[in-house]
Amino acid sequence: SSYSPLILSHSMKVAVIKELFPGEHRVALVPAVVSTLVKADHAVLVESNAGLAAGFSDADYEQAGGRIVDRDEAFQADCVLTVRTCGAAGETWESDRKRMSANSAIIGMADPLGNCEACLEDAKTGATIYALELVPRITRAQSMDVLSSQANIAGYEAVLLGATALKKILPMMTTAAGTIRPAKVLILGAGVAGLQAIATAKRLGAQVLAYDVRPAVKEQVESLGAKFVELDLETESSETKGGYAKAMTEEFYKKQQEQLGKVIAECDLVVTTALIPGKPAPILITEAMVQGMQPGSVIVDLAAERGGNCEMTTPGETTSFNGITILGPTNLPAEVATHTSQLYSKNIVTFLNHLVGCGFPQETSDDEICQETLVARNGEVVHARVRDLAGMSQLPCESSS
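The following refers to the structure shown. Since the structure is predicted, the reported quantities are computational estimates derived from the model, not experimental observations. (Residues numbered from 1 in each chain as written. Predicted model: local features only at pLDDT ≥ 70, side-chain atom pairs only at ≥ 80, totals over all residues. Heavy atoms only, no water.)

A separate point is the overall build of the chain. Across its full length, the chain carries 13 helices and 17 strands. Expressed along its principal axes, the backbone C-alpha trace of the chain runs to roughly 65 × 50 × 35 Å. Out of the 401 residues belonging to the chain, those deemed buried represent 54%. Within the chain, contacts between residues at least 6 apart in sequence are counted, and of these 68% link residues at least 24 apart. Within the structure as shown, the chain displays about 17500 Å² of accessible surface, and the carbon and sulfur contribution to it stands at 51%. (Helix = DSSP H or I, 4+ residues; strand = E, 2+ residues; numbered from the N terminus. Buried < 20%, exposed > 50% of the residue type's maximum accessible area, 1.4 Å probe, protein only. Contact = heavy atoms within 4.5 Å. Areas by Shrake-Rupley, 256 points an atom, 1.4 Å probe, with all protein chains shown as cover.)

Here it is as structure tokens:
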């Protein structure tokens, strides 16, 4: 197993809490991973029913060596592992803020770039907070990248949702009653979610097209058997050094919408996956473009949680417009919580192992992964980008990104 023995450097009390955010069925640690921590001499506290919504009972955790506790006791641990904390947990986190103290270390998805106010509030408790969304996109951090592990499954789920909502089948079928032509599926954005959506639509037999503002991904799209849509646009500066898509100019998006409109009008199912970290999702599909689609077509907007790539998306709802169905799921990974929790557990324990190897919880390392994910410590927000968003001046000598 790849859970390194580093974790043996000293034993800790690690806790897993039940997610309170509406519709969040995932759990930060699955029983199989609990047993690896227990073998490495850590005490693992599991809040009662923490894993139930993901398909894991308290008995499963006890069998793995975990101890079932209430929420108050869980927060007494050296380190609390969670799926959603701070800004990502919404109003449900307010009661937990009272449980936090200078002795707490919290690791989870915190939405620090989308909701820096919540991080400021949490920082006041004195707790040490690590945000997993900020794991840098570097090779040695790939196994800790929760955004990728969860987006991968969201891309798969999006195609299944779309296929179910569509009034057509995806594959070509030759029957005694005639031949059915394959459905045309367009995937907008070829990041982790987009590539998985392409692969899934292809496996289901659809004719797949894909578009991404970054010309570099054309090869990946074609390797999955999809056709890359090329638009007449200037895309040289479309990628950040971290490999994410960059926000472009108004004029760029206008031209893009114009040209994409023609492609979308011919498609049965469109899945949009374009997100820019810490910013509202870019509008790729305008109301006019939706009007140009055939009745019965379906749009699945994976960027709904950040406002959506389609102008007509209502986050968290399925709406209908001129016979076009628009789905705005805001947390698809939670719909298949057993497997997404498994992947998330692996990410979070690999991350915890890394922190421990760098001296956690005694000291803070200047290691890139530790620095870039550390949001708050000693009553202060220490992350440069979060301070920037909050309009705070930078701290002297903190080199966190």
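Okay, back to it.
Before going further, it helps to examine the environment of Glu372. With respect to the helices and strands, the residue Glu372 is situated in helix 12 (residues 368–373). Classification of Glu372 by relative accessible area gives buried; the value is 19%. Along the chain, Glu372 and Pro295 lie 77 residues apart, while their C-alpha atoms are 47 Å from each other.

Take helix 9 (residues 250–264) next. Under the 1.5 Å per step criterion, the end-to-end length of helix 9 is 20 Å for 15 residues, consistent within 8% with the ideal 21 Å. Within helix 9, burial applies to Phe252, Tyr253, Gln256, Gln257, Gln259, Leu260, Gly261, Val263 and Ile264. Packing partners of the buried residues in helix 9 comprise strand 9 (184–188), strand 10 (207–211), strand 12 (269–272) and helix 10 (287–291). (Expected span 1.5 Å × (residues − 1).)

Moving on: unusual backbone geometry. Positioned with a positive phi, Asp41 is a non-glycine residue whose angle comes to about 80°. Tracing the backbone through its elements, the reader meets Asp41 in the loop between helix 1 (31–39) and strand 2 (43–47). Phi is positive for Asp111, close to 50°, though the residue is something other than glycine. With respect to the helices and strands, Asp111 occurs in the loop between strand 5 (105–109) and helix 5 (116–123).

Attention shifts here to helix 1. Regarding helix 1, the residues found buried are Pro31, Val33, Val34, Ser35 and Leu37. Those residues of helix 1 that are buried lie in contact with strand 2, helix 2 (58–63) and helix 11 (337–357). Directly beyond the C-terminal end of helix 1, a positive phi value near 80° is found at Asp41.

A few words now on the nonpolar core. When a protein is soluble and globular, its nonpolar side chains tend to lie buried together. Within the largest apolar cluster, 43 residues are counted, with the highest numbers of intra-cluster contacts made by Leu29, Ile107 and Leu352. Those elements that place two or more of their residues in this core are strand 1 (13–16), helix 1, strand 2, strand 4 (79–84), strand 5, helix 11 and helix 12. Residue contributions to this core peak at 8 residues, all from helix 11. Those residues in contact with Ile107 that lie beyond four places of it in its chain are Cys79, Val80, Leu81, Thr82, Tyr130, Leu132, Ile348, Phe351, Leu352 and Leu355. Counting 29 residues, the second-largest nonpolar core is a separate cluster that includes Phe252, Val263, Met293 and Ile326. (Core = buried A, V, L, I, M, F, W, Y, C linked by side-chain atoms within 4.5 Å.)

Here we have 8 strands laid out as an open sheet, ordered 3-2-1-4-5-6-16-17, and mixed in their pairing. Looking at strand neighbours, the two that pair on one side only are strand 3 (67–69) and strand 17 (380–381), the edges of this open sheet. Bridge count between strand 6 (residues 128–131) and strand 16 (residues 374–377): 2 bridges; the pairing is antiparallel. Residue pairing in the sheet places Ile129 in a bridge with Ala376 of strand 16. (Pairing = 2+ DSSP bridges.)

Summed over the entire model, instances satisfying the criterion amount to 3 aromatic pairs. Note on Tyr130 and Phe351: the rings are 5.8 Å apart at their centroids and 70° apart in plane angle, and the pair reads as edge-to-face. One end of the pair, Tyr130, is in strand 6; the other, Phe351, is in helix 11, and 221 residues separate them in sequence. The two residues Tyr130 and Phe351 agree in class, both being buried. Note on Tyr130 and Phe360: the rings are 6.0 Å apart at their centroids and 80° apart in plane angle, and the pair reads as edge-to-face. With Tyr130 in strand 6 and Phe360 in the loop between helix 11 and helix 12, this pair connects stretches of sequence that are 230 residues apart. For Tyr130, a relative accessible area of 3% puts it in the buried group. Phe360 gets classed as buried once you look at its relative accessible area, which sits at 5%. By way of ring pairs, the aromatic residues Tyr130, Phe351 and Phe360 are connected into one cluster. The cationic tip of Arg84 hangs over the ring face of Phe21; the distance from NZ or CZ to the ring centre is 4.1 Å. (Phe/Tyr/Trp six-rings, centres within 6.5 Å; stacked < 30°, edge-to-face > 60°. Lys NZ or Arg CZ within 6 Å of the ring centre and 35° of its normal.)

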